[in-house]
Amino acid sequence: MAEYEESEIKDRFKDFFEDEGYTPELNKIADNYPEEKSIYVDYNELHLYFEDVDFPRYVLDNPTVSFDQAQRAIEDLLGPAHEDVEIHLRIEKLPESRHTRIRDLRASDLSKYIAVDGLVRKATEVRPRITQAVFQCSRCKTKISQQQTSDKIEEPLECYENQGGCGKPANKANFKVLLDESTFQNYQTLEIQESPEGLRGGEQPQRLKGWVKEDLVGEVSPGDRITVNGRLDGSPKQSGKSKYRTFNIFMRVNSIGIKEYEYEDVELSEEDKRRIE
Ligand SMILES: [Zn+2]
């Protein structure tokens, strides 16, 4: 299997965006940032451009490093004028071989970029989720900034002296989050369920959770038939403080394709039909 250095991945994406004429679109998105923050690419376009499947497949098998380098490539193309802009690459329309039924998801799919088809069963309310928290010590008022990466909020362990703090441990410092100085992003979870057509008699539909953020939130409702593309992720099952070797799985959604909306069956009167015509 082909392997690529980080710099090579970045260069390949840079060439792709330039040669395929994406630069004007990227600049337009950067001008409208943060109202717009995504560039959409069909998988097939990558396949055609790179002429063989090695690199596109590498991207799907190694999405974390690949999407990271694609973002670096975009930053290079935009130049210093758009320094604070973070445009996300969203790859859509994966080949059939990358569509997996929820019941067929296996350990080998973990950390891979895949497509899952199904019905939206639940969509939570969109809520702000903190990404960079600024804490203030209640004793000495020092501010400590800390990036948030896990599900639970991570507080500083102490009021760090090397950041100008008083050195008190967390339980004595009593940290408060400063909302106006912290960074948030929009966040929502979806529950996707296998469509009834794909099931054999007696099979219960299985479900998968999807994490949706930023400009993807609020786009789908229960009943919508969708394809979600993204990285399959997992976290250990937990009970109290013990974590188990068995993992729960969920998808970090990178893009959503809406297949059809569910309409209510509406009885039309003759009068309605005439007006529509
Ligand atoms: Zn302090």
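Refer to the preceding data block for the structure.
Heads up: these notes are all about the structure in this document. (Residues numbered from 1 in each chain as written. Predicted model: local features only at pLDDT ≥ 70, side-chain atom pairs only at ≥ 80, totals over all residues.)

Overview of the overall build of the protein chain
1) Next: Regarding its fold elements, the protein chain presents seven helices and ten strands.
2) Next: Counting only C-alpha atoms, the protein chain reaches 75 × 50 × 45 Å along its principal axes.
3) Next: Split into buried and exposed, the 277 residues of the protein chain put 22% on the buried side.
4) Next: For the protein chain, the share of sequence-separated contacts (at least 6 apart) that also reach a separation of at least 24 residues comes to 65%. (Helix = DSSP H or I, 4+ residues; strand = E, 2+ residues; numbered from the N terminus. Buried ≥ 20, exposed ≤ 12 C-beta atoms within 10 Å, placed from the backbone. Contact = placed C-beta atoms within 7 Å.)

Digging into the nonpolar core
1) Next: In terms of nonpolar packing, the biggest core is built from 39 residues, with V116, V120, I192 and V228 touching the most fellow members.
2) Next: Both of domain 1 (6–93) and domain 2 (97–126 + 186–260) provide at least three residues apiece to this core.
3) Next: Formed by six residues, the second largest nonpolar core is a distinct cluster that contains A133, C137, C159 and A173. (Core = buried A, V, L, I, M, F, W, Y, C linked by C-beta atoms within 7 Å. Domains from an automatic or database assignment.)

Some details on the environment of R129
1) Next: With respect to the helices and strands, the residue R129 is situated in strand β4 (residues 127–137).
2) Next: A C-alpha to C-alpha distance of 28 Å links R129 and D61, two positions 68 residues apart in sequence.
3) Next: Apart from residues no more than four positions distant in its own chain, R129 is found in contact with F184, Q185 and Y187.

As for the pairing of strand β3 (residues 113–123)
1) Next: Of all eleven residues in β3, eight are buried; the element is thus mostly enclosed.
2) Next: Bridge count between β3 and strand β7 (residues 183–193): four bridges; the pairing is antiparallel. Within β7, the residue paired with L119 across the bridge is Q193. (Pairing = 2+ DSSP bridges.)

Details of the environment of F55
1) Next: By secondary structure assignment, the location of F55 is in helix α4 (residues 54–61).
2) Next: Along the sequence, F55 and E3 sit 52 residues apart, while their C-alpha atoms lie 8.6 Å from each other.
3) Next: Aside from chain neighbours lying at most four places away, what touches F55 is A2, R12 and F50.

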